[in-house]
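Survey of secondary and tertiary structure
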Protein chains: 2
Amino acid sequence: MTISDKAIVLFGHGSRDPLWREPIEAVAARVTQLQPGVPVRCAYLELEQPDLATAAAQLVAEGATRITIVPMFLGTGRHAREDLPVLVEALRQAHPGVSFSLKPAVGEDSRVIDVLAGVALE
Amino acid sequence: MTISDKAIVLFGHGSRDPLWREPIEAVAARVTQLQPGVPVRCAYLELEQPDLATAAAQLVAEGATRITIVPMFLGTGRHAREDLPVLVEALRQAHPGVSFSLKPAVGEDSRVIDVLAGVALE
């Protein structure tokens, strides 16, 4: 297994409910199945740990130099549009040698919309 | 175009942010593209209109007798697991001639998890 300098953070809202995070953790497990060499962490805006700064620091400590942040939001409100870019800018300040890439929220991806429409029609 | 007795409600959390609902509305538009004869409505738990009761009543008034409710939640916390079944039970009481089917939250669907993992790995 080759360890990549690339890593992924799946960023979700968070909830007090311990079952809430199961789908996001299932996505992380699927990412690992598909590409075992790419480290992946879940991180949360609030109510759950780790937060984004902690997850990113762990990945940097493990050698990641390119970190992609994937907002796991179906709705694209202020958390995805405003809060998250501020957090990512703070990561860039904290880790100047690391490249951070912030993806659009998954709810904006046409493939996600397609598969959701298919599920709804069953 | 044949109008079906089947209809779909895409049920999301809701937000004060008017842009928040765009992905869910995009899924509704895609459903209509795929099956123009199946009426589809978005409905929200809070902070946006219509609520589930209003959307369901509209579909019943238009002749729907089988309504599928699709929880548009990636995380499966108490909103999806506890609040929504109570709302659906109230629909069954209010419309005894109509069959209401409550799907699992979309975040539990393996095809959704697969496509999210693929998006994360790009």
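Residues numbered from 1 in each chain as written. Chains lettered and ligands numbered in written order. Predicted model: local features only at pLDDT ≥ 70, side-chain atom pairs only at ≥ 80, totals over all residues. Heavy atoms only, no water.

**Overview of the interface of chain B and chain A**
Of the residues lining the interface, 37 residues belong to chain B; the matching set on chain A comes to 37 residues. Here chain B packs against chain A, burying approximately 3600 Å² in sum over the two surfaces, 67% of which is carbon and sulfur. Summed over the shared surface of chain B and chain A, the result is seven salt bridges. Notably, a salt bridge pairs Arg30(A) with Asp114(B), separated by 2.4 Å at the nearest N-O pair. (Contact = heavy atoms within 4.5 Å. Buried area = accessible area lost by both parts, 1.4 Å probe. Salt bridge = Lys/Arg side-chain N within 4 Å of Asp/Glu carboxyl O.)

**Re the packing of aromatic side chains**
Residue and element names in this part refer to chain A. In total, this model carries four aromatic pairs over all chains according to the counting rule given. On the numbers, 6.2 Å between centres and 70 degrees between planes, the contact of Trp-20 with Tyr-44 is edge-to-face. Here Trp-20 is found in the loop between β1 (6-12) and α1 (22-34), whereas its partner Tyr-44 is found in strand β2 (residues 40-44), with 24 residues between them in sequence. Classification of Trp-20 by relative accessible area gives buried; the value is 13%. (Phe/Tyr/Trp six-rings, centres within 6.5 Å; stacked < 30°, edge-to-face > 60°. Helix = DSSP H or I, 4+ residues; strand = E, 2+ residues; numbered from the N terminus. Buried < 20%, exposed > 50% of the residue type's maximum accessible area, 1.4 Å probe, protein only.)

**Quick word on the sheet that holds β1(A)**
All names here are of chain A. Reading across from one edge, β2-β1-β3-β4 is the order of the four strands in this open sheet, with parallel pairing throughout. Looking at which strands have only one partner, the edges of the open sheet turn out to be β2 and β4 (99-102). Strand after strand, the sheet turns through a mean of 25 degrees between neighbouring axes, direction not considered. The sheet contact formed by β1 and β2 spans five bridges and is parallel. Counterpart to Ile-8 in the pairing with β2 is Val-40. (Pairing = 2+ DSSP bridges. Axes fitted to C-alpha atoms, helices over the stretch in contact; angles between N-to-C directions.)

**Notes on the confidence of the model for chain A**
Detailed conclusions should not be drawn from predicted coordinates in areas where pLDDT is low. Across chain A, pLDDT averages 93, with 98% of residues at or above 70. Complex prediction metrics read pTM 0.93 and ipTM 0.94. (pLDDT = per-residue confidence, 0-100.)

**Quick look at the sheet that holds strand β2 (residues 40-44) of chain B**
Residue and element names in this part refer to chain B. Here we have four strands laid out as an open sheet, ordered β2-β1-β3-β4, and parallel in their pairing. Taken across any chain shown, the strands that pair with only one partner, and hence form the sheet edges, are β2 and β4 (99-102). Strand after strand, the sheet turns through a mean of 25 degrees between neighbouring axes, direction not considered. The sheet contact formed by strand β1 (residues 6-12) and strand β3 (residues 66-71) spans six bridges and is parallel. For Phe-11, the partnering residue across the bridge sits in β3 and is Pro-71. Packed on one face of the sheet, helix α2 (residues 52-61) meets β1, β2, β3 and β4 and runs near 160 degrees to β2.

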